[in-house]
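Descriptive analysis of the structure
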Amino acid sequence: MSDILDIIKKRRSIRFFKEQQISQHALDQILEAGLWAPNAGSRQAVKIVVVQNKELNEQLGKINRNIFGKARSQNNPNGSIASDDSIQNAFYDAPTVLYLFAPNNYPNSIQDCCVASQNIMLEATALDIGSIYIARGEKTFETELGKQCKDKWGLSDEYQCHSIVPLGYIAKTSNPHPRKENRIIID
């Protein structure tokens, strides 16, 4: 098995983080991995905002969680912790949160943010740093606080947040779910 396949299989969606901030060296490597992600037309339009301000991440995480709570109505057969109504912060109190933005007038913005997020999470895993992919960035940044943040960060209305990746040292992890069968069709 290749090293990359080992990392892919090791990656987990981490929801329990230590309070300790990740090192600058690790953060730099993780960001570099995001910048080297494939992107449509070599446009390199994804902008990554790094926030290590606990209060701001908590506020944005609560907004995101409230949006998720409203959208969540079906039962998850895997019993995900994400269905636990006692969780108030969708970013699980991670000490670092990355917000990935791309122009909303480009047809591949969502995909570009997603592949950058995957690179980020795989590099984090290689460095023994936990991560989790969070959606609903668009709605989070339509709020008053979201608009204020975008303005502060110099992001025009043209940019939408399509991916959010909380990062931190792992406090608790879980075992992988077995892979379902019959998901590959060869013609």
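Here's a quick rundown of the structure. (Residues numbered from 1 in each chain as written. Predicted model: local features only at pLDDT ≥ 70, side-chain atom pairs only at ≥ 80, totals over all residues. Heavy atoms only, no water.)

A tally of helices and strands in the protein yields six helices and five strands. Counted from the first residue to the last, the protein has its helices and strands arranged as α-β-α-β-α-β-α-β-α-α-β. When contacts within the protein are restricted to residue pairs at least 6 apart in sequence, those whose partners lie at least 24 apart make up 83%. Total accessible area on the protein stands at roughly 11300 Å², and carbon and sulfur atoms take up 49% of it. (Helix = DSSP H or I, 4+ residues; strand = E, 2+ residues; numbered from the N terminus. Contact = heavy atoms within 4.5 Å. Areas by Shrake-Rupley, 256 points an atom, 1.4 Å probe, with all protein chains shown as cover.)

Turning our attention to helix H4 (residues 109-126). Counting along an α-helix, one turn takes 3.6 residues, and residues three or four places apart therefore face a common direction. Between the first and last C-alpha of H4 there are 26 Å, a value that for 18 residues agrees with the 26 Å anticipated at 1.5 Å per step. Residues of H4 that are buried sit in contact with helix H1 (3-10), helix H2 (24-35), strand E2 (47-51), strand E3 (96-103), strand E4 (129-131) and strand E5 (159-172). (Expected span 1.5 Å × (residues − 1).)

On to the pattern of salt bridges, then. Taken as a whole and assessed by the stated rule, the structure comprises three salt bridges. Linking Lys-10 and Asp-128 is a salt bridge whose minimum nitrogen-to-oxygen distance equals 2.6 Å. Remark: Asp-128 occurs in the loop between H4 and E4 and Lys-10 occurs in helix H1; sequence separation between them is 118 residues. Given the relative accessible area of 46%, Lys-10 is considered partly exposed. Taking the relative accessible area as the measure of exposure, Asp-128 reaches 48% and is therefore partly exposed. (Salt bridge = Lys/Arg side-chain N within 4 Å of Asp/Glu carboxyl O. Buried < 20%, exposed > 50% of the residue type's maximum accessible area, 1.4 Å probe, protein only.)

For the rest of this paragraph, the subject is the layout of surface pockets. There is about 210 Å³ of room inside the second largest pocket. Phe-17, Glu-19, Gln-21, Gln-52, Lys-54, Asn-57, Glu-58, Asn-89, Phe-91, Asp-93, Ala-94 and Pro-95 together form the lining of the second largest pocket. Ranked by residue count, the leading element in the lining of the second largest pocket is helix H3 (residues 54-71), at three residues. Looking at side-chain class alone, the lining of the second largest pocket contains four nonpolar, four polar and four charged residues. (1 Å grid on protein atoms, 1.4 Å probe; cavity = no way out; pocket = protein on both sides within 12 Å on 5 of 7 lines; lining within 4 Å. Points joined across faces, edges and corners; volume = space filled by probe spheres on them. Nonpolar A, V, L, I, M, F, W, Y, C, P; charged D, E, K, R; others polar.)

Bringing a nonpolar patch on the surface into the picture now. Where nonpolar side chains cluster on the molecular surface, the patch consists of Ile-4, Leu-5 and Ile-8 and spans about 240 Å² of accessible area. With respect to the element layout, Leu-5 can be found in helix H1. (Patch = residues over 30% accessible without salt bridge, like charges linked within 9 Å, V, L, I, M, F, W, Y side chains within 5 Å.)

Another point: the packing of H2 against H4. Angle between the axes and distance between the axes: these two values describe a pair of packed helices. Axis separation between H2 and H4 bottoms out at 7 Å; the angle between their running directions is 150°. Relative to H4, the crossing made by H2 is right-handed. Here Gln-29, Ile-30, Ala-33 and Gly-34 of H2 lie close against H4, whose contacting residues are Ala-116, Asn-119, Ile-120, Glu-123 and Ala-124. (Axes fitted to C-alpha atoms, helices over the stretch in contact; angles between N-to-C directions. Left-handed = near helix turned anticlockwise from the far one by under 90°.)

In terms of burial, E3 is a largely internal element, eight of the eight residues being buried. Bridging between E2 and E3 involves five bridges; their strand directions are antiparallel. In the strand pairing of E3, Val-51 is matched with Val-97. Alignment of E3 against E5, held across eight bridges, turns out to be antiparallel. Bridging from a neighbouring strand, Thr-96 pairs with Leu-167 of E5. (Pairing = 2+ DSSP bridges.)

The next point concerns the nonpolar core. One finds Leu-60, Phe-91, Tyr-99, Phe-101, Phe-141 and Ile-164 to be the most contacted residues of the largest nonpolar core, which totals 22 residues. Those elements giving two or more residues to this core turn out to be E2, H3, E3 and E5. Among residues more than four places away in sequence, those in contact with Phe-91 are Phe-17, Asn-57, Leu-60, Gly-61, Asn-64, Val-97, Tyr-99, Ile-134, Ile-164 and Pro-166. Formed by 19 residues, the second largest nonpolar core is a distinct cluster that contains Leu-31, Leu-98, Ile-129 and Tyr-169. (Core = buried A, V, L, I, M, F, W, Y, C linked by side-chain atoms within 4.5 Å.)

Residue placement: Lys-150 occurs in helix H6 (residues 144-152). Those residues in contact with Lys-150 that lie beyond four places of it in its chain are Phe-101, Phe-141, Leu-155, Ser-156, Asp-157 and Tyr-159.

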